[in-house]
Amino acid sequence: MATTALLAAILEQTAPILLAALAAMITLRANILNVAVEGMMLVGAFVAIAVGAATDSAPLALLAALVASVLMSQLLALMTLGFSADFIVAGLGINLLAAGGSLFALEWFYQSPGGLRPLAFPDIWHVPAGSLSFLPVIGPALEGQSIIVLAAFLAVPLLAVFLYRTPLGAYLRAAGEDEHAARSAGIDVARMKALSLAISGLLAGLAGAQLSMDKLHFFLPDMTSGRGFIGLAATLFGGGQPWITAAASLLFGFFGALGDRLQAFSIPSQFVLMLPYLAAIIGLAVARWRTHLRSRPAKLNTRRG
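Residues numbered from 1 in each chain as written. Predicted model: local features only at pLDDT ≥ 70, side-chain atom pairs only at ≥ 80, totals over all residues. Heavy atoms only, no water.

Locating Leu-132 in the fold gives a position in the loop between α4 (87-110) and α5 (138-142). Sequence-wise, Leu-132 and Glu-143 are 11 residues apart; in three dimensions their C-alpha atoms are separated by 6.6 Å. Contact partners of Leu-132, with chain neighbours within four places excluded, come to Val-127, Gly-139, Pro-140, Leu-142 and Glu-143. (Helix = DSSP H or I, 4+ residues; strand = E, 2+ residues; numbered from the N terminus. Contact = heavy atoms within 4.5 Å.)

Our focus in this paragraph is the packing of aromatic side chains. In total, this model carries 4 aromatic pairs according to the counting rule given. Taking the centre distance of 5.8 Å and the plane angle of 15° together, the rings of Phe-104 and Trp-108 count as stacked. Residue Phe-104 and its partner Trp-108 are both found in helix α4; the two are separated by 4 residues, about one turn of the helix. Here Phe-104 and Trp-108 have matching classes, each one exposed. For the ring pair Phe-254 and Phe-255, a centre distance of 5.6 Å and an interplane angle of 75° mean the geometry is edge-to-face. Since its relative accessible area comes to 24%, Phe-255 is described here as partly exposed. Aromatic rings pair up to connect Phe-46, Tyr-110 and Phe-219 into one cluster. (Phe/Tyr/Trp six-rings, centres within 6.5 Å; stacked < 30°, edge-to-face > 60°. Buried < 20%, exposed > 50% of the residue type's maximum accessible area, 1.4 Å probe, protein only.)

Bringing the UniProt feature "transmembrane region" (unreviewed entry) in the chain into the picture now. With numbering aligned to this structure, UniProt lists the feature "transmembrane region" (unreviewed entry) at residues 6-28, 35-54, 60-81, 88-110, 144-164, 233-259 and 271-289. Between the C-alpha atoms that bound residues 6-28 there is a distance of 32 Å. The span itself is 100% helix and 0% strand. Helix and strand shares over residues 35-54 are 90% and 0% respectively, and the end C-alpha atoms of the span are 31 Å apart. (UniProt positions renumbered as here; feature names shortened; annotations may be inferred.)

Time to look at the environment of Gly-39. Looking at the secondary structure, you find Gly-39 in helix α2 (residues 37-55). Owing to a relative accessible area of 2%, Gly-39 belongs among the buried residues under this scheme. Separated by 166 residues in sequence, Gly-39 and Gly-205 have C-alpha atoms that sit 9.8 Å apart.

As a further point, take the side chain of Glu-143. Checked against the element boundaries, Glu-143 lands in the loop between α5 and α6 (147-165). No salt bridge is formed by the buried Glu-143; its nearest oppositely charged neighbour, Lys-215, is found at 12 Å. Apart from the residues lying within four places of it in its own chain, the contact partners of Glu-143 are Val-127, Pro-128, Ala-129, Gly-130, Ser-131, Leu-132 and Ser-133. (Lys, Arg positive; Asp, Glu negative; His and termini not counted. Salt bridge = Lys/Arg side-chain N within 4 Å of Asp/Glu carboxyl O.)

This next bit is on helix α10 (residues 227-238). Compared with the 16 Å implied by 1.5 Å per residue over 12 residues, the 16 Å span of α10 between its first and last C-alpha is a close match. Where burial is concerned, most of α10 is hidden: 9 out of the 12 residues are buried. For α10, the complete set of buried residues consists of Gly-228, Ile-230, Gly-231, Leu-232, Ala-233, Ala-234, Thr-235, Phe-237 and Gly-238. Taken from the residues just after α10, Gly-239 is the one with a positive phi, measuring 60°. (Expected span 1.5 Å × (residues − 1).)

Right under this line is the structure:
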């Protein structure tokens, strides 16, 4: 029973990090370091609660979150691809816009800068209790999980197929690997980069909606709590590969769930809260070390030549 509860917590903690990691991964394959995932998630989380409270419809709330996040991604595309702004600077600007804009909306429309807590909010679909009891361990852990959690894990093979088994995915990777060669082959590089940002926005919107709609049913300023950057760390650790990125996200989700469990013991809350970020730092260090090891033979061959 304890194992099932821990596994369920790991899946729930992993979902937003995994979606953020995949959002950063798809743009990384187009040679874009997308630091704006955090802001896209925050916008998705806010719009999901605002629209859900206004319409009393979970599907509309989820759809609105996705649309808002994709629009933010295309704003980033406009600034970078249209006006040649630096991706990192523009991405940080998107994060500041999302944080400041959500606070402004809370104050202006709801007179509640501390957050938006609707008295009633529609539930999104969750796996019914007892429906997967025939599966040992994993079945009970999946019961009660939202459709967004299931979509997060389903997105991994779907993106792998898209990137490596479809012509559009091949064009996107080509645009990221060698822009000049891609243009020579007739590929519209700017369009491929914009497409990667749109997919990134879609995934980030799902991540934000999961944070605010799944269990909490409210929005708080900065409720993403750096998950977008942890997802970016998972992407860098995975080298832009879907399955390795997913494994890194699962590791960070494990540390997040472990932190929640450690709160029951006499452990300082600051230590518990830092666990996911500590795991992200270690993951980035390992990724950098692996890159260094891979580059050593090439450097040695260059010196010998």
